[in-house]
Amino acid sequence: MKFKYCPICGKRLSEKSIGDEGLVKFCLTCNRPYFDMPASCVEVLVINEHNQILLLKQEYISKTHWTIVSGYVKNGETIEETVMREVLEETGQKVERMKYVESYYFKPKQLIMSGFIAFVQSKPFNDSNEVDDIMWCEIDEVNKYIARVDNMSGIHFDNSMRLLNL
Ligand SMILES: [Zn+2]
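A brief look at the structure comes next. In this convention, every chain numbers its residues from 1, walking through the sequence in written order. Per-residue local features of the predicted model are confined to residues with pLDDT of at least 70, and side-chain atom pairs are confined, for both listing and counting, to 80 or more; whole-chain, interface and lining totals are unaffected and use all residues. Heavy atoms throughout the structure, all of them, feed into the side-chain values; hydrogens and water do not.

## Side note on the sheet that holds strand β1 (residues 14-18)
What makes two strands pair is DSSP finding at least two bridges between them. The helix and strand labels rest on DSSP assignments: H or I over at least four residues marks a helix, E over at least two residues marks a strand, and numbering proceeds from the N terminus. Read across the open sheet, the 3 strands follow the order β1-β2-β3; overall the sheet is antiparallel. Each edge of the sheet is formed by a strand with only one pairing partner; in this case those strands are β1 and β3 (32-34). If you compare each strand with its neighbour and ignore which way they point, the axes differ by 55° on average. Across 5 bridges, the pairing between β1 and strand β2 (residues 22-27) is antiparallel. When the bridges of β2 are listed, E15 appears paired with K25. Fitting a line to C-alpha atoms yields each axis, with helices limited to the stretch in contact; the angle taken between N-to-C directions then spans 0 to 180 degrees.

Dropping the structure here:
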């Protein structure tokens, strides 16, 4: 997100030279800088006790391919809380343990995505408005379905498999 107006007082921002940062957008009324910032998200590969991978069909993300759980970090929660909340909301699965893998910058939407693996004991799926279809997929079948264009699901799946040695 690039700031043009102060989100507090609404005035147009000036620019000010700050330390090593160079020219930064600055509100002269509120006397505070505004750094360009990405929105913070999570990208979560959910894996169950049978080593199956959870895939989602979400039409608003991809009409042709399946993706993994993702979502925005809400102000006030930690990234780990976002992982647990998004997995529960979108799939009904309870995260028992999680492992950080890597982060990704998704330029088209200016997102910084923290990539995790979430381990669950499979439970019945819930009914989420954001999910059009959901399935457990064998690891060697994932590549048939997973989104690799304009989406981080595929690369995060690859990195997670490398980390788990699967
Ligand atoms: Zn201001």
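## Overview of the pattern of salt bridges
Any carboxyl oxygen of Asp or Glu within 4 Å of a side-chain nitrogen of Lys or Arg constitutes a salt bridge here. Enumeration according to the criterion identifies 7 salt bridges in this entry. Across the salt bridge formed by R85 and E86, the nearest N and O atoms sit 3.1 Å from each other. The residues R85 and E86 share a single accessibility class, namely buried. Through salt bridges with shared partners, a single ionic network connects E77, R85, E86 and E89. Relative accessible area decides the class of each residue, using a 1.4 Å probe on protein chains only: under 20% of the type maximum gives buried, over 50% gives exposed, and in between gives partly exposed.

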